[in-house]
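Structural features, examined
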Amino acid sequence: MKKLLMAAACVASFSLAPQAFANRDHIMVVGSSTVFPFSKVVAERFGRKTNFKAPKIEPTGTGGGFKEFCKGVGISTPDVSNASRRIKSSEFEDCQKNGVKDIVEVLIGYDGIVIANSVKAKPMTLELKDIFLALAKKVPDPKGTETLVDNPYVTWKDVNPALPATKIEVLGPPPTSGTRDAFVELAMEGGCKTFPWIKAMKGTDKSKYKALCHGIREDGAYVEAGENDNLIVRKLSESPKALGIFGFSFLDQNADKVHAAKVGGHAPTFESISDGSYIVSRPLYFYVKAAHVGVIPGIQEFLAEFTNDRAWGDEGYLTDKGLIPLSAKERAKVGASVKKLESLSL
């Protein structure tokens, strides 16, 4: 009798699951603030042109989004997580452990990470080495020895005599941000590797190398300004001597307020990010729970709208928001994978 009661309880719980899901009539999206404006415009169009409700999107940051996404499967968890970097193996494993087994990865396009300042000031011209020396927690001893010291640089001119004698003040995203992850990997580590003896450290002590090259100073020169890139843009207008770090789309939408620094001889433009000559650029993604498709209304149709050429194509409406599109070959490959709801394997 006890076994029969337990079996009946299991059957009842499974039969109630679709009902529980059905109580939510909209798609829940969390994650990257960089992907947010692209996801938002697709959601708005989707809501207008279909019989489904527009998805609700919360810009929690890439790391914060994966934390919520990977909590499990069910009505209280998000269906989609936007990301300004690829999912980490640790996040993927966390998802698997919590029952989020089948995850669909959608590469949507590319974005540049810009270092910008107010149009009230002159734009900067920087090298990766300058960025590392200005923002790293530990830097090579300025005396020339192969030792590390706490960052002593106060002005940009201290870093490089060719730069202005203005105080180093950079507004940027917090550690939960995918933009921060990509910035430290592309810009900070890129500058760090210009020192041959530090570059050699990667082969002898990878942990020490990563801590050094990815460590951002905490003495006030770098200011964590939150996940809202529009807030950074607004603060730059109020502080013309400061610099800010955010995605290219926000530069594109605020060209009357801010302009970007050249990095490695190239300014971030649609063309320079597309051809790879602007070196601080990265891919953008979103991730979908296959278990929610067909249960939460509209997910399959939302995916179809996002991966349609009218949205993410060369002349699609997302390019007007600053998305750098995939090549036609890449779009065909990703689109086919999405239609089949292929599960990600790391």
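Definitions and cut-offs
- Residues numbered from 1 in each chain as written.
- Predicted model: local features only at pLDDT ≥ 70, side-chain atom pairs only at ≥ 80, totals over all residues.
- Heavy atoms only, no water.
- Helix = DSSP H or I, 4+ residues; strand = E, 2+ residues; numbered from the N terminus.
- Rg over C-alpha atoms; globule rule 2.2 N^0.38 Å.
- Buried < 20%, exposed > 50% of the residue type's maximum accessible area, 1.4 Å probe, protein only.
- Disulfide = S-S within 2.5 Å.
- Arc of directions from axis to C-beta.
- Polar contact = N/O pair within 3.5 Å; in protein donor to acceptor, adjacent residues only side chain to side chain.
- Contact = heavy atoms within 4.5 Å.
- Pairing = 2+ DSSP bridges.

What the protein contains, in helices and strands, is 16 helices and 13 strands. A compact globule built from 346 residues should have a C-alpha radius of gyration of about 20 Å, and the protein, at 23 Å, falls within 12% of that. Summarising its shape, the C-alpha atoms of the protein cover approximately 80 × 45 × 40 Å along the three principal directions. Put simply, the protein has 346 residues, and 49% of those count as buried.

Further remarks concern the state of the cysteines. Covalent bonding between the sulfur atoms of two cysteines is what defines a disulfide. Under the definition given, this model contains two disulfides. In this model Cys70 forms its disulfide with Cys95; the gap between the sulfur atoms is 2.0 Å. On the sign convention where negative means left-handed, the S-S torsion of about -75° between Cys70 and Cys95 marks this disulfide as left-handed. Residue Cys70 is found in the loop between α3 (62-69) and β3 (80-83), and its partner Cys95 is found in helix α4 (residues 89-97); the two are separated by 25 residues along the sequence.

By the burial criterion, the buried members of helix α11 (residues 229-238) are Asp229, Ile232, Val233, Leu236 and Ser237. Seen from one end, α11 has its buried residues packed into an arc of 145°, which puts them on one side.

Quick look at the side chain of Thr319 now. Checked against the element boundaries, Thr319 lands in the loop between α15 (309-312) and α16 (328-339). Polar contacts involving the side chain of Thr319 include one to the main-chain carbonyl oxygen of Gly316, which spans 2.6 Å. Discounting chain neighbours no more than four positions away, the residues touching Thr319 are Phe270, Ala311, Gly313, Asp314 and Pro325.

Once that is clear, we can look at the pairing of strand β10 (residues 243-247). Here β10 lies mainly inside the structure; five of its five residues are buried. Where strand β4 (residues 103-118) lies against β10, four bridges are found, and the strand directions are antiparallel. When the sheet's bridge partners are listed, Ala116 is paired in β10 with Gly244. Of the strand pairs in this sheet, strand β8 (residues 170-172) and β10 are connected by two bridges, and their pairing is parallel. For Leu171, the partnering residue across the bridge sits in β10 and is Gly244.

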